[in-house]
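Residues per chain, in single letters:
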Amino acid sequence: MEQFRHSHSLGQNFLTDGNLLSAIVTDAGVTAGDTVVEVGAGMGALTRRLAESGARVFAFEIDGRLAEYLRPLEEEYPNLTVIMGDFMKADMSGLFEGKYKAVANLPYYITTPVLFHFLDDDRCTGATVMVQKEVADRISAPPGGKDYGVLSVSLRLSGRAERTRTVGRQMFDPPPKVDSAVVRITKTEPIGDKEGVMKVVRAAFAMRRKTLLNCLCSAGYNKESATAAITGIGRDLSVRGERLSPEEFSALAKFLQ
Ligand code: SAM
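Reading guide: rules and limits
- Residues numbered from 1 in each chain as written.
- Predicted model: local features only at pLDDT ≥ 70, side-chain atom pairs only at ≥ 80, totals over all residues.
- Heavy atoms only, no water.
- Helix = DSSP H or I, 4+ residues; strand = E, 2+ residues; numbered from the N terminus.
- Buried < 20%, exposed > 50% of the residue type's maximum accessible area, 1.4 Å probe, protein only.
- Areas by Shrake-Rupley, 256 points an atom, 1.4 Å probe, with all protein chains shown as cover.
- Lys, Arg positive; Asp, Glu negative; His and termini not counted.
- Charge placed at Lys NZ, Arg CZ, Asp CG, Glu CD.
- Domains from an automatic or database assignment.
- Contact = heavy atoms within 4.5 Å.
- Buried area = accessible area lost by both parts, 1.4 Å probe.
- 1 Å grid on protein atoms, 1.4 Å probe; cavity = no way out; pocket = protein on both sides within 12 Å on 5 of 7 lines; lining within 4 Å.
- Points joined across faces, edges and corners; volume = space filled by probe spheres on them.
- Nonpolar A, V, L, I, M, F, W, Y, C, P; charged D, E, K, R; others polar.
- Salt bridge = Lys/Arg side-chain N within 4 Å of Asp/Glu carboxyl O.
- Near = heavy atom within 4 Å.
- Polar contact = N/O pair within 3.5 Å; in protein donor to acceptor, adjacent residues only side chain to side chain.
- Sits in = over half its atoms within 2 Å of the grid points.
- Axes fitted to C-alpha atoms, helices over the stretch in contact; angles between N-to-C directions.
- Parallel < 35°, antiparallel > 145°, perpendicular 65-115°, else oblique.
- Left-handed = near helix turned anticlockwise from the far one by under 90°.
- Phe/Tyr/Trp six-rings, centres within 6.5 Å; stacked < 30°, edge-to-face > 60°.
- Lys NZ or Arg CZ within 6 Å of the ring centre and 35° of its normal.

Asks: Before we move on, could you go through the overall build of the protein and cite the residues and values that matter?
Replies: Looking only at helices and strands, the protein features 10 helices and nine strands. Principal-axis analysis of the C-alpha atoms places the extent of the protein at approximately 65 × 40 × 30 Å. In the protein, which comprises 257 residues, the share counted as buried stands at 47%. A total accessible area of about 12,300 Å² is found for the protein, and carbon and sulfur atoms account for 50% of it. Charged side chains in the protein number 32 positive and 32 negative. The centres of these two groups are separated by 7 Å.

Encoded structure:
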């Protein structure tokens with residue numbers, strides 16, 4: 001393809017720096033025995049590095065124009081399968097068996113749903129992903145601050161996250177409007193009944209300026225049991241949801257059950 005017109009709406013900001021690409025694969029700890037899922041292969045820069053590790057790689061790409069770059073890679077690497085299509089609509093159950101690691105330079109318009117997908121999928125053991133710096137801040141935010149929210153709690157309920165590197169916008173072609181960071185999420189045993197806890201968490205953050213009690217009542221919880229649950233975890237009735245740690249949310253959900 002002579003002149004590729006990048007699609008801004010598909011988040012097409014490609015990486016070209018060989019050292020950075022290798023570093024992402026190293027951060028992810030990908031080895032030959034792994035199965036790896038990549039979201040957004042683009043022109044295959046990261047895909048190629050992943051395939052070179054010897055891992056079994058499944059790379060999704062929504063933009064059909066990139067097929068001519070990606071198909072020849074499949075011939076070069078028999079351990080690579082390129083899936084042209086929307087990752088958000090993909091059914092991975094029939095693709096391969098067993099666990100996988102997710103590695104990607106994510107298209108930023110779907111960062112949050114993709115992260116939730118990996119967090120909720122028991123087959124995913126971890127994700128090493130390039131995200132907007134602002135999302136990396138939310139992921140690692142402690143309780144109480146403006147960045148602390150549903151994503152921060154969800155992550156801490158099913159894993160731990162660390163920022164492995166900060167990446168300036170100039171490292172991408174074309175450069176996006178924001179700086180980025182690579183985060184490595186390692187899944188752990190979930191704390192408590194995650195679905196039940198997340199229902200409470202979503203209610204608590206639905207109206208950030210209101211008290212936790214008001215939020216729970218607005219979400220349909222009975223006032224008496226919400227009051228008992230909040231006092232049961234040792235909190236004052238004026239507390240806002242954003243002050244609670246993931247462990248406190250877990251305890252709150254148990255009281256509300
Ligand atoms: N991996 C390449 C790299 O690092 O240079 C490209 C990364 S680029 C930030 C994100 C890629 O995701 C784009 O190629 C875009 O077309 C693709 N993409 C966007 N939405 C997608 C979706 N829903 N499913 C699969 N791929 C998608």
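The structure having been displayed, the exposition proceeds.
Asks: Provide a residue-level description of the domain arrangement of the protein, including the pertinent values.
Replies: What the domain assignment reports for the protein is domain 1 (14-187) and domain 2 (194-256). Taken over C-alpha atoms, the centre of domain 1 sits 32 Å from the centre of domain 2. In this assembly, 14 residues from domain 1 lie in contact with 13 residues from domain 2. Carbon and sulfur atoms supply 66% of the area buried between domain 1 and domain 2, which totals about 1,100 Å² over both sides. Interface area lost by domain 1 to domain 2 is led by Y148, V150 and L157, which between them contribute 46%.

Asks: Give a description of empty space enclosed by the protein that names residues and reports values.
Replies: Applying the stated criterion across every chain, the model contains one cavity of 30 Å³ or more. The wall of the largest cavity is formed by L115, F118, L119, C124, G126, A127, I185 and K187. For the lining of the largest cavity, the elements supplying multiple residues, two or more each, are α4 (111-120), β6 (124-132) and β9 (180-187). Tallied by class, the residues present in the lining of the largest cavity amount to six nonpolar, one polar and one charged.

Asks: Tell me about the pattern of salt bridges, and name the residues and values.
Replies: Inspection of every chain in the model, using the stated rule, returns 15 salt bridges. A salt bridge links D137 to R163; its shortest N-O distance comes to 2.7 Å. Here D137 is found in helix α5 (residues 133-139), whereas its partner R163 is found in strand β7 (residues 159-167), with 26 residues between them in sequence. Given a relative accessible area of 23%, D137 falls into the partly exposed group. The exposure class assigned to R163 is partly exposed, which follows from its relative accessible area of 33%.

Asks: Account for the site of the ligand, with residues named and values stated.
Replies: Taken together, the neighbourhood of the ligand is formed by 23 residues, with L15, G40, E61, D86 and Y109 sitting nearest. E38 is positioned such that a nitrogen or oxygen atom in its side chain is 3.2 Å from a nitrogen atom of the ligand. Residue F87 places a main-chain N or O atom 2.9 Å away from a nitrogen atom belonging to the ligand. When the ligand is considered free in solution it has 600 Å² of accessible area, and contact with the protein chains removes 99% of it. The cavity where the ligand resides is the largest pocket. When its residues are assigned to classes, the shell around the ligand shows 12 nonpolar, seven polar and four charged.

Asks: How would you sum up the packing of helix α9 (residues 223-232) against helix α10 (residues 246-256)? Please name residues and give values.
Replies: Look at α9 against α10: their axes get within 9 Å of each other, and the N-to-C directions meet at 140 degrees. When the interaxial angle is binned, α9 and α10 end up oblique. When the axes of α9 and α10 are compared, the crossing they make is right-handed. Residue-level contacts link S225, A226, A229, I230 and G232 of α9 to L252, F255 and L256 of α10. Looking at the contact of α9 with α10 residue by residue, the classes come out as six nonpolar, two polar and no charged.

Asks: Tell me about the packing of aromatic side chains, residues and numbers included.
Replies: Taken as a whole and assessed by the stated rule, the structure comprises eight aromatic pairs. Note on F96 and Y100: the rings are 5.7 Å apart at their centroids and 85 degrees apart in plane angle, and the pair reads as edge-to-face. On the basis of relative accessible area, Y100 is assigned to the buried category, the value being 1%. A ring pair is formed by Y148 and F205, whose centres lie 5.9 Å apart and whose planes are at 75 degrees; its orientation type is edge-to-face. Within this pair, whereas Y148 is found in the loop between α5 and α6 (150-158), its partner F205 is found in helix α7 (residues 194-206), the two being separated by 57 residues in sequence. Judged by its relative accessible area of 0%, Y148 is buried. Put simply, the rings of F58, F60, F87, F96, Y100 and F118 pair up and form one aromatic cluster. Residue placement shows R123 over the ring face of F96; its charged tip is 4.5 Å from the ring centre.

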